[in-house]
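# Geometric and topological summary
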Amino acid sequence: PVEGALLSLIGTLGRDDAVDGIILVRPFPNDTNPRRVAEAIPPAKDAEGMSPANYGATFLTKTYAEAASGILPCTAFAVVELLRSAEVPAAGRTATVVGRSNILGKPVAHLLNILDATVTLAHSRTPGLESHLAAADIVVACLGRPCFIRGSWLKQGAVVLDAGINSVDGRICGDVDFESACKTASVITPVPGGVGPVTTAVLLSNVVRLAERRLAA
């Protein structure tokens, strides 16, 4: 019943000319199929870049400029824009993305790859994960485990982008143990206050872009 109501609402919003963007709040109820929900969103109103058309188009891009001209998954785009704003080059660097979700791990690995980084897409069950992290110039944490990545696992001077959001004893923390990691990393994003606000800005930017496209059509 929940999924049916959600799909019905998406259909109504998709037909409403006053609506420029549709945003889904996660996690979904257990009896909801995320793929069916994503498929129901019209690409022209897909503010999160997760409809099959927009998501698939992301992986067909060969340059970052081409990717950035589309509607990208928001947090993945935010992570890379943070790197670029800090003038951290990806080309020629090794990057390890810890987390393989469709919404973040996979697309951010692709974006780093087309920026000419050599990318390892790892996860919590990757054998020898610490060795991958020890060799990584850039680390993106997005596996959903509080304070999982320790500073002692990181390469000295690594750039660490923590996209995890976890609630522990009423406190929000990331996937990286910030206190130990900040002693090793040259750059590290805090949680909260790091990737999250940039994700919100990217989401709003996507909505504006969708509105501009509709008005230009």
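Residues numbered from 1 in each chain as written. Predicted model: local features only at pLDDT ≥ 70, side-chain atom pairs only at ≥ 80, totals over all residues. Heavy atoms only, no water.

Before going further, it helps to spend a moment on the packing of helix α5 (residues 74–85) against helix α9 (residues 195–216). Packing of α5 against α9 brings their axes to within 8 Å, and their N-to-C directions diverge by 115 degrees. Crossing handedness for the pair α5 and α9: right-handed. Touching Cys74, Thr75, Phe77, Ala78, Val79 and Leu82 of α5 are Val195, Val198, Thr199, Val202, Leu203 and Asn206, all from α9. Across the contact of α5 with α9, the residue classes tally to 9 nonpolar, 3 polar and no charged. (Axes fitted to C-alpha atoms, helices over the stretch in contact; angles between N-to-C directions. Helix = DSSP H or I, 4+ residues; strand = E, 2+ residues; numbered from the N terminus. Left-handed = near helix turned anticlockwise from the far one by under 90°. Contact = heavy atoms within 4.5 Å. Nonpolar A, V, L, I, M, F, W, Y, C, P; charged D, E, K, R; others polar.)

Taken in spatial order, the 5 strands line up as β2-β1-β3-β4-β7 in an open sheet, and their pairing is parallel. Each of the sheet's edge strands pairs with one partner strand only, and the pair in question is β2 (118–122) and β7 (187–188). Examined bridge by bridge, strand β4 (residues 159–162) and β7 share 2 bridges and lie parallel to one another. From the neighbouring strand, Val159 faces β7, where its bridge partner is Val187. Each of β3 (138–141) and β4 is contacted by α5, which is oriented at about 145 degrees to β4, the strand it contacts most. Running over the sheet, helix α6 (residues 105–114) touches β1 (94–98), β2 and β3 and is turned about 170 degrees from β2. (Pairing = 2+ DSSP bridges.)

Summed over all chains, the structure comprises 3 aromatic pairs. On the basis of an interplanar angle of 55 degrees and a centroid distance of 6.2 Å, the ring pair of Tyr64 and Phe77 is categorised as tilted. Note that Tyr64 is positioned in helix α4 (residues 64–68) and Phe77 in helix α5, a separation of 13 residues in sequence. Between Phe148 and Trp153, the ring centres sit 5.6 Å apart and the planes meet at 85 degrees, which makes this aromatic pair edge-to-face. (Phe/Tyr/Trp six-rings, centres within 6.5 Å; stacked < 30°, edge-to-face > 60°.)

Attention shifts here to the pattern of salt bridges. Tallying each qualifying case throughout the model produces 7 salt bridges. In this structure, the salt-bridge partner of Glu39 is Arg35, at a minimum N-O distance of 3.0 Å. Of this pair, Glu39 and Arg35 both sit in helix α2 (residues 34–40), 4 residues apart, roughly one helical turn. Taking the shortest distance from any N to any O, the salt bridge between Asp177 and Arg150 comes out at 3.8 Å. (Salt bridge = Lys/Arg side-chain N within 4 Å of Asp/Glu carboxyl O.)

This part takes up α9. Compared with the 32 Å implied by 1.5 Å per residue over 22 residues, the 31 Å span of α9 between its first and last C-alpha is a close match. Within α9 the residues assigned to the buried category are Val195, Thr199, Val202, Leu203, Asn206, Leu210 and Ala211. At its buried positions, α9 is contacted by α5 and β4. (Expected span 1.5 Å × (residues − 1). Buried < 20%, exposed > 50% of the residue type's maximum accessible area, 1.4 Å probe, protein only.)

Moving on to the pairing of β1. Regular strands place their side chains on alternate faces of the sheet. Among the 5 residues in β1, 4 count as buried, and that is most of the element. Pairing analysis gives 5 bridges linking β1 to β2, with the strands arranged parallel. From the neighbouring strand, Thr94 faces β2, where its bridge partner is Thr118. Looking at chain direction, β1 and β3 are connected through 4 bridges and run parallel. Bridge pairing links Ala95 to Ile138 in β3.

Here Val159 lies in strand β4. Given a relative accessible area of 5%, Val159 falls into the buried group. Considered as a pair, Val159 and Ile138 are 21 residues apart in the sequence and their alpha carbons are 4.8 Å apart. If we ignore the near neighbours within four places in the chain, the residues touching Val159 are Leu83, Val88, Asp137, Ile138, Val139, Ser186 and Val187.

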